[in-house]
Amino acid sequence: MNSAVRETYKLIGLSKNDFTAEIYNRYGKKLYTYAIHTWNLGEDDAWDLIYKTLYKVIDTYKNYQFEQEEKFASFIFKIFINYLRNHYRDTKKAEENFPVSDIDSMELQNKAEPIVTEAVENLRLNALNEELEKMEDWQRMLLLMRSEGRAYSEIAAYIDKPENQLKVYYQRLKDQISKRLNGRF
């Protein structure tokens, strides 16, 4: 009988790696979809729990008898649900032990970072304006239009430079401004 048609729990002759691959191929994506969409788990956490489930199934499935594939699938799903519940409980406990509210994080941020005064910000802005004034019109246009997220093809319509070179020019201009501003401060 073909292994793709045979019940998973009857594939006793496979090596541990082959059996793991078979269970993964048959159930991994279903478990992943369930964890992501139903439990709102992150990708890494979902895969971690799926692998824990698969290894637990491999270690314990021989202790049970299954009448059909649906019972085996139910067995896998039950193990997975238990891991999901444990993860949810552990995550919830961790949040209770270390609650960080918006106010707390703002206070921490204010204590950790020196307060930048308005005068310092004005100095930086003035220095940037001075550097921009030293540039040619097309250079300013390139920097400003790219900072707005416009495509190089759109910018090329306004600037008399080849479109395939604009990316290079843009990178050079950014580096040039950064060096000049860092040299001033």
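For the structure itself, look to the data block above.
A quick note: this is a predicted structure, and the numbers were derived from the prediction, not measured.

S.K.: Can you break down the nonpolar core residue by residue, with the values?
M.R.: Counting residues in hydrophobic clusters, the biggest one holds 23 residues, and the most contacted among them are Ile23, Val57, Tyr61 and Phe72. Looking at this core, the element that brings in the most residues is helix α3 (residues 69-97), giving seven residues. Other than its neighbours up to four places away in sequence, Val57 contacts Ile23, Phe72, Phe75, Ile76 and Ile79. Membership of the second largest hydrophobic core comes to 16 residues, among which are Ala127, Leu143, Tyr170 and Leu173.

S.K.: Explain the packing of aromatic side chains residue by residue, including any values.
M.R.: A complete count under the given rule lists 15 aromatic pairs for this structure. For the ring pair Phe19 and Tyr61, a centre distance of 4.7 Å and an interplane angle of 20° mean the geometry is stacked. Of the two residues, Phe19 sits in helix α1 (residues 16-38) while Tyr61 sits in the loop between α2 (43-60) and α3, which places them 42 residues apart along the sequence. Note on accessibility: Phe19 and Tyr61 belong to one class, buried. Judged by centre distance (5.2 Å) and plane angle (85°), the rings of Phe66 and Phe72 are edge-to-face. Per residue, the accessibility class of Phe66 equals that of Phe72, and both read buried. The structure contains a cluster of three or more aromatic residues connected by ring pairs, namely Phe19, Tyr27, Tyr61, Tyr64, Phe66, Phe72 and Phe75. Here the basic side chain of Arg146 rests over the ring of Tyr170, its NZ or CZ set 5.8 Å away from the ring centre. Directly above the aromatic system of Trp138 lies the positively charged group of Lys161, at a separation of 4.6 Å from the ring centroid.

S.K.: Quick rundown of the pattern of salt bridges? Include the residues and the values.
M.R.: Considering all chains together, one arrives at seven salt bridges under this definition. The shortest N-O distance in the salt bridge between Arg180 and Glu131 comes to 3.2 Å. With Arg180 in helix α8 (residues 163-184) and Glu131 in helix α5 (residues 118-133), this residue pair connects regions lying 49 residues apart in the sequence. In this structure, Asp137 and Arg140 form a salt bridge, with 2.3 Å as the shortest nitrogen-oxygen distance. Remark: Arg140 and Asp137 occur in helix α6 (residues 137-147); sequence separation between them is three residues, near one turn of the helix. Here the salt bridges do not stand alone but share partners, grouping Glu131, Lys134 and Arg180 into one network.

Calculation criteria
- Residues numbered from 1 in each chain as written.
- Predicted model: local features only at pLDDT ≥ 70, side-chain atom pairs only at ≥ 80, totals over all residues.
- Heavy atoms only, no water.
- Core = buried A, V, L, I, M, F, W, Y, C linked by side-chain atoms within 4.5 Å.
- Buried < 20%, exposed > 50% of the residue type's maximum accessible area, 1.4 Å probe, protein only.
- Helix = DSSP H or I, 4+ residues; strand = E, 2+ residues; numbered from the N terminus.
- Contact = heavy atoms within 4.5 Å.
- Phe/Tyr/Trp six-rings, centres within 6.5 Å; stacked < 30°, edge-to-face > 60°.
- Lys NZ or Arg CZ within 6 Å of the ring centre and 35° of its normal.
- Salt bridge = Lys/Arg side-chain N within 4 Å of Asp/Glu carboxyl O.

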